[in-house]
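# Tertiary structure, described
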Amino acid sequence: MPHPKRFLPPTSALRALESFERTGSVTETGRELGVSQSAVSRQLKVLEDYLQTSLFVREKKAIRLTPAAQDYCAEVRAALDKIGTASLRLKANPKGGQLNIAMLPAFGVRWLAPKLPDFVEKHPEVTVNLNTVLRPFDFSKEPFHGAIHFGEQNWPDVHFLKLMTEFVVPVAAPKMGAKLSSAHVEDIFALPLLHLDTRPNGWARWAALNGSAVSPQVGMLFDQFASMIQAAIHGMGVALAPTYLIERELREGQLVELGSMKEVSIGSYFFVWPKDAPDYQPSVLFCDWMRGFCHPQDQLEP
């Protein structure tokens, strides 16, 4: 079977194609690449000869890409962008590796980000890249070395390292809380409820853990805790919020805890990484560092 590199056209020709598709002009392409119009035309012809495919429709004094060439160019642009990003990362950190972590936004901001300077100080050779991802994904199809996961140990084919158990309480603005007639679950559910779309059963699980089978009413839906908590502060409803996220808001009186029910947990936070991943030194260093924040009973599962 021929080696794949035999099917890789010259990069200069690919850059000429990408620029031409974007600018629509041989003149503008030449100006952008710092070459003459004739040099651009030669590069485009080189690409056609290499691919043994016509890429252009030539009409009198104008040329345009064929539909197939437009599709090809979109993939070329994505590949060039990826090469450019990889080059910038290598330039920024020539001695160490990249570590790509998918994080949940609220936990990442409040728990992980304040701790990261310690890791960076201990391992300046590793560049940590954080990206927001709200749901589990297939590691084989995404460029991540690890991820922050909330819930239970139900992500297939990954290792789990428990970081923290999350406790939640119902909170609302003081005026909204004043409307509560009693501390029962049924009375809280009579108020407007705010929901998080990644936790569709959050209220129902909280009620069950407090001994109630009452079904929560439908309410406003949010994709992140930050916006839901702000909605609660402004009197739009009751939020089921993690205690670690609302300490300041409770202390300053922006929110009040409703009822006198016990704090309950509907899940924990884990650091996860694929079981079939090869040993990668930045990942090993990060996992070892993360273990320092775990209780002994929450250490790496076998």
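Everything discussed here concerns the structure shown above.
A brief report on the enclosed structure follows. (Residues numbered from 1 in each chain as written. Predicted model: local features only at pLDDT ≥ 70, side-chain atom pairs only at ≥ 80, totals over all residues. Heavy atoms only, no water.)

### Overview of the layout of surface pockets
In this structure, the largest pocket spans a volume of roughly 570 Å³. Looking at the largest pocket, it is lined by 30 residues, and the ones nearest its centre are Leu134, Phe150, Gly151, Thr198 and Arg199. Broken down by element, the lining of the largest pocket gets its largest block of residues, 5 residues, from strand E5 (residues 146-151). Broken down by class, the residue content of the lining of the largest pocket amounts to 18 nonpolar, 7 polar and 5 charged. (1 Å grid on protein atoms, 1.4 Å probe; cavity = no way out; pocket = protein on both sides within 12 Å on 5 of 7 lines; lining within 4 Å. Points joined across faces, edges and corners; volume = space filled by probe spheres on them. Helix = DSSP H or I, 4+ residues; strand = E, 2+ residues; numbered from the N terminus. Nonpolar A, V, L, I, M, F, W, Y, C, P; charged D, E, K, R; others polar.)

### Brief notes about helix H8 (residues 202-209)
Within H8 the residues assigned to the buried category are Gly202, Trp203, Trp206 and Ala207. The arc that holds every buried residue of H8, seen down its axis, measures 130°, which confines them to one face. A positive backbone phi angle near 80° is found at glycine 211, which sits one or two residues after H8. (Buried < 20%, exposed > 50% of the residue type's maximum accessible area, 1.4 Å probe, protein only. Arc of directions from axis to C-beta.)

### Concerning the nonpolar core
Residues Trp206, Phe271, Phe286 and Met290 are the most contacted members of the largest nonpolar core, which totals 61 residues. At 7 residues, the largest contribution of residues to this core is made by strand E6 (residues 158-172). With sequence-adjacent residues up to four places away left out, methionine 290 is seen in contact with Trp111, Leu112, Ile148, Leu161, Leu163 and Phe271. Listed in part, the 15 residues of the second largest apolar core include Ala16, Leu47, Leu55 and Val76. (Core = buried A, V, L, I, M, F, W, Y, C linked by side-chain atoms within 4.5 Å. Contact = heavy atoms within 4.5 Å.)

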